[in-house]
Amino acid sequence: MKVLFIPGNSPYPIFSHAPLATAVRNAGHEVLMGGIDWVLPNIASVGLAPVKISPVSMEEVSAFMGAMPDDPLEQLKAVGRVYAEIAVDSLEPLLDLADHWRPDLVVGGGMFYTAPLLAHHLGIPSVRLEWDRIDARAYDPGAEAVLAPVLGELGLDRVPGPDLWLDVCPPSLRPANPLPARPMRWIPGNPQKPLEPWMYTKGDRPRVYITAGTRLFSGEGLRDMARSIAGLGVEVVVGAPENVAAELRAELPDVRIGWVPLDVLAPTCDVIVHHGGGGTDMTALNAGVPQLIAHPEYPTEATRKVAEFGAAILIESGPEQDITEACQKLLSDAGYRERAGLLSREIAELPLPGEIVGELEKLVAARA
């Protein structure tokens with residue numbers, strides 16, 4: 001069979017979908033992965049064949065992120081709107097692709113607009129594969145007005161639901177009334193680089209990894225946080241884009257700063273401090289590492305759920321001292337690591353991507 005993956009419009013969804021896409025290909029099927037211009041190198045980096053579905057560039061994405069509204073609800077609407085715009089704009093090139101390489105199945109990511117619209121056009125089954133634990137339906141209100149004309153032309157009043165919904169959330173963190181979904185084990189993945197021994201070796205001191213993604217904290221904020229946490233006598237590693245890392249290294253000579261593949265580093269960490277990003281959260285859960293979620297972009301139910309479970313501390317606002325004290329608590333209270341370990345074991349017991357391939361084959365056979 002031929003399977004088209006359309007994960008999303010940033011690098012992280014590519015690495016989230018790569019394990020299932022690779023499993024499908026390793027089972028002998030043909031696989032293409034579609035993305036905007038910005039993420040095509042990421043698709044190629046995981047050994048999959050990239051197809052451009054939109055000319056949106058990294059510069060355009062950066063401009064969009066720079067103009068994001070401050071209000072969290074308006075942010076959700078803005079992201080939903082731009083995903084819907086890309087879904088509408090990408091339909092024509094995807095239908096052109098189908099004239100030459102017709103997929104039997106399409107797999108879409110959390111903001112599930114492009115994939116089901118294409119599947120409806122072609123009369124083929126669709127699958128929704130979540131990137132992480134965050135409920136992407138929060139973005140739907142921003143997408144509705146953009147999608148309405150296209151849905152009207154198709155005689156639809158809403159985006160079609162998937163034939164199969166794959167959920168990567170560990171069972172203990174699922175919402176009280178979840179939608180019916182097939183569980184699948186989440187496999188960590190990142191852009192890679194040549195490794196140095198310290199990246200996969202646990203040192204003599206506790207290790208705290210700090211990341212703020214690419215836009216939440218300025219270099220100044222990262223510097224102050226790293227200095228404060230380093231005062232606890234721990235080894236600090238700061239994950240930051242090179243333009244931020246370069247300015248910090250001179251000021252923090254005892255701190256390792258720069259890009260480190262987190263899937264490799266996470267098992268050596270004692271605490272992971274981050275901004276609420278889904279990929280960082282899932283990587284920490286997978287490794288069984290307690291989390292300190294500091295000043296998240298928008299505290300979601302998923303963020304609060306891991307804190308309520310006892311595997312993380314959530315600080316929505318406050319000074320650096322609050323973050324440092326919370327980090328000390330995570331380091332000194334073994335209960336956080338025990339709870340994180342429970343979630344790690346739950347993830348390890350979920351069906352591997354390779355076990356899901358047979359279900360995808362059955363979807364295609366049933367539709368045929």
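Here we summarise the structure given alongside this text. Here, residues in each chain are numbered from 1, in the same order as that chain's written sequence. Thresholds applied to this predicted model are a pLDDT of at least 70 for local features of residues and 80 or more for the giving and counting of side-chain atom pairs; totals over whole chains, interfaces and linings are not thresholded and use all residues. Where side-chain values are given, they derive from all heavy atoms of the structure, hydrogens and water being excluded.

**A short note on the packing of aromatic side chains**
Item 1. For Phe, Tyr and Trp, rings pair up if their centres lie within 6.5 Å, where Trp contributes its six-membered ring, and each pair is then called stacked (planes under 30 degrees apart), edge-to-face (over 60) or tilted (otherwise). With the rule as written, the count across this model stands at one aromatic pair.
Item 2. Between Y83 and W131 the ring centres are 6.2 Å apart and the planes differ by 45°, which places this aromatic pair in the tilted class. Highlighted residues: Y83 in helix α4 (residues 72–100) and W131 in the loop between β5 (126–129) and α6 (140–153), separated in sequence by 48 residues. Here the two residues Y83 and W131 agree in accessibility, since each one is buried.
Item 3. Here, a charge over a ring means that NZ of Lys or CZ of Arg falls within 6 Å of the ring centre while also lying within 35 degrees of the ring normal. Stacked on the ring of F309, the Lys or Arg R339 has its end atom at 3.9 Å from the ring centre. Helix numbers and strand numbers start at the N terminus; a helix is a DSSP run of H or I with at least 4 residues, a strand a run of E with at least 2. Partly exposed describes any residue whose relative accessible area lies between the buried limit of under 20% and the exposed limit of over 50%, with all areas from a 1.4 Å probe on protein chains only and scaled to the type maximum.

**So, helix α14 (residues 353–367)**
Item 1. Taking 1.5 Å of rise per residue, 15 residues should cover 21 Å, and α14 covers 22 Å from first to last C-alpha, within 8% of that figure.
Item 2. Regarding α14, the residues found buried are P353, I356, V357, L360, L363 and V364. Along α14, the residues classed as buried sweep out an arc of 120° about the axis, all on the same side. Exposed positions of α14 whose direction lies more than 90 degrees from the buried face are K362, A365 and A366.
Item 3. In this description, contact between two residues means that some pair of their heavy atoms is separated by no more than 4.5 Å. Next to the buried residues of α14 lie α1 (11–26), β4 (105–108), β5, β6 (164–167) and β7 (182–183). Under the convention used throughout, the expected extent of a helix is 1.5 Å for every residue step, that is, one less than its residue count. The arc in question is the one spanned by the directions pointing from the helix axis to the C-beta atoms.

**Topic: the sheet that holds strand β10 (residues 256–258)**
Item 1. Taken together, the six strands give an open sheet; going across it, the order is β10-β9-β8-β11-β12-β13, and neighbouring strands pair in parallel fashion. Looking at strand neighbours, the two that pair on one side only are β10 and β13 (312–315), the edges of this open sheet. Going across the sheet, the axis of each strand differs from the next one's by a mean of 15°, ignoring polarity.
Item 2. Where strand β8 (residues 207–211) lies against strand β11 (residues 271–274), three bridges are found, and the strand directions are parallel. Bridge assignment links Y209 to a residue of β11, and that residue is I272. Strand pairing is defined by DSSP finding a minimum of two bridges between the two strands. Only the contacting stretch of a helix is used when fitting its axis, a line to C-alpha atoms as for every element, and angles between N-to-C directions run 0 to 180 degrees.

**Some points on the sheet that holds strand β1 (residues 2–6)**
Item 1. Taken together, seven strands build an open sheet; the order of strands is β3-β2-β1-β4-β5-β6-β7 and the sheet is parallel. Two strands close off the open sheet at either side, each with one partner strand: β3 (49–54) and β7.
Item 2. Relative to β3, α4 is tilted by about 125°, and along the sheet it contacts β1, β2 (30–36) and β3.
Item 3. The sheet strands contacting α14 are β4, β5, β6 and β7, and the helix crosses β6 at an angle near 165°.

**Focus: the pairing of β8**
Item 1. The buried fraction of β8 amounts to five of the five residues, a majority that puts the element mostly inside the structure.
Item 2. By the alternation rule, side chains of β8 split into R207, Y209 and T211 and V208 and I210, which are all buried.
Item 3. Where β8 and strand β9 (residues 235–239) come together, five bridges link them in parallel fashion. Counterpart to V208 in the pairing with β9 is V236.

**A few points about helix α12 (residues 320–332)**
Item 1. The first and last C-alpha atoms of α12 sit 19 Å apart over 13 residues, in line with the 18 Å expected at 1.5 Å per residue.
Item 2. Every buried residue of α12 is listed here: I323, T324, A326, C327 and L330. Down the axis of α12, the buried side of the element spans an arc of 165°, and every buried residue falls inside it.

**A few points about the environment of G108**
Item 1. Here G108 is to be found in strand β4.
Item 2. According to the relative accessible area criterion, G108 is buried, its value standing at 1%.
Item 3. Spatially, the C-alpha atom of G108 lies 29 Å from that of A240, the residues being 132 residues apart in sequence.
Item 4. Setting aside anything within four residues of it in sequence, one finds G108 in contact with I6, H17, A115, V127, R128 and L129.

**Concerning the packing of helix α10 (residues 278–287) against helix α13 (residues 334–349)**
Item 1. Between α10 and α13, the least distance of the axes is 6 Å, while the angle of their chain directions is 95°. Put simply, α10 runs roughly perpendicular to α13. Along its contact with α10, which presents L285, N286 and A287, the element α13 presents A340, L343, S344 and I347.
Item 2. Its residues assigned to classes, the contact of α10 with α13 shows five nonpolar, two polar and no charged. Under this scheme an angle from 65 to 115 degrees is roughly perpendicular, one under 35 degrees roughly parallel, and one over 145 degrees roughly antiparallel; angles in between are oblique. Asp, Glu, Lys and Arg are counted as charged, while Ala, Val, Leu, Ile, Met, Phe, Trp, Tyr, Cys and Pro are counted as nonpolar; the rest, among them Gly, fall into the polar class.

**Here's the deal with the side chain of D281**
Item 1. Looking at where D281 falls in the secondary structure, it is placed in helix α10.
Item 2. Overall, D281 belongs to the buried group, its relative accessible area being 7%.
Item 3. Contact partners of D281, with chain neighbours within four places excluded, come to R133, H274, Q291 and V306.

**Describing the pattern of salt bridges**
Item 1. Each reported salt bridge corresponds to a side-chain nitrogen of Lys or Arg within 4 Å of a carboxyl oxygen of Asp or Glu. Throughout the structure, instances matching the rule amount to 16 salt bridges.
Item 2. Between R128 and E130 there is a salt bridge whose closest N-O contact spans 2.8 Å.
Item 3. For R128, a relative accessible area of 7% puts it in the buried group.
Item 4. For E130, a relative accessible area of 7% gives the class buried.
Item 5. Linking D270 and K202 is a salt bridge whose minimum nitrogen-to-oxygen distance equals 2.9 Å. Here K202 lies in the loop between β7 and β8 and D270 lies in the loop between α9 (262–265) and β11, a separation of 68 residues in the sequence.

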